[in-house]
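So you can see what is in the structure, the chains are spelled out below.
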Amino acid sequence: MKKMEETQSLKELSNSYESEDENIKMLKFIQFFGNGEEYLKTIYAEFKDKKMNEKTSLTSQEIEFINFTNKFFKEKYRMEEDVLTNVRVNEDKFDKLTMQDILKPSDFSFKIVEEFYVPGVKTKNLNLKAIVKGRK
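Predicted model only: the values in this text are computed from it and were never measured.

*Asks:* Any chance you could explain the pattern of salt bridges here in plain terms?
*Replies:* Two side chains bearing opposite charge may form a pair once their charged atoms approach each other closely. Scanning the entire structure with this criterion turns up 12 salt bridges. Residues Arg-88 and Glu-91 are paired through a salt bridge, measuring 3.5 Å at the closest nitrogen-oxygen approach. Across the salt bridge formed by Lys-136 and Asp-107, the nearest N and O atoms sit 3.2 Å from each other. Of this pair, Lys-136 sits in the segment after strand S5 (130-135) while Asp-107 sits in the loop between strand S1 (99-101) and strand S2 (112-118); the two residues are 29 residues apart in sequence, bridging distant segments of the chain.

What follows is the structure, encoded as structure tokens:
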């Protein structure tokens, strides 16, 4: 919960389960978390809404939140792969199967990722593409 509260793009979402009573706050968060996939869909939608409107790359705190979430899912649910895609800017090649460009979503001719806006989600039942800015 603390990592989410520190993440600028997820502030409104984390405020929605706020309570003065820490036990109530925890119960609200658990209800929000659900089976994990609902949580991931909500996180994706929240990032997408904020980042698509603002056109700002993920911050270091947001990347830290992604890494923390991946670690949690690997430990708690024994996931073998990351559930939230973490893209390395100027290092990772553009992958049309897991990414889409923020400005030209149907253009797959990019070579490398220039900016990273929204982490993708990959589980057994979900496959949501990361939103990035590609460079040719």
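*Asks:* Please clarify how the sheet that holds S1 should be interpreted in this entry.
*Replies:* Where strands meet in a sheet, backbone hydrogen bonds hold them as pairs that are either parallel or antiparallel. Here we have three strands laid out as an open sheet, ordered S1-S5-S2, and mixed in their pairing. Among the strands making up the open sheet, the edge pair consists of S1 and S2. Ignoring strand direction, the axes of neighbouring strands in this sheet form an average angle of 45 degrees. Pairing between S2 and S5: five bridges, direction antiparallel. Pairing of Val-113 across the sheet is with Gly-134, part of S5. Each of S2 and S5 is contacted by helix H4 (residues 37-54), which is oriented at about 110 degrees to S2, the strand it contacts most.

Criteria and cut-off values
- Residues numbered from 1 in each chain as written.
- Predicted model: local features only at pLDDT ≥ 70, side-chain atom pairs only at ≥ 80, totals over all residues.
- Heavy atoms only, no water.
- Salt bridge = Lys/Arg side-chain N within 4 Å of Asp/Glu carboxyl O.
- Helix = DSSP H or I, 4+ residues; strand = E, 2+ residues; numbered from the N terminus.
- Pairing = 2+ DSSP bridges.
- Axes fitted to C-alpha atoms, helices over the stretch in contact; angles between N-to-C directions.
- Contact = heavy atoms within 4.5 Å.

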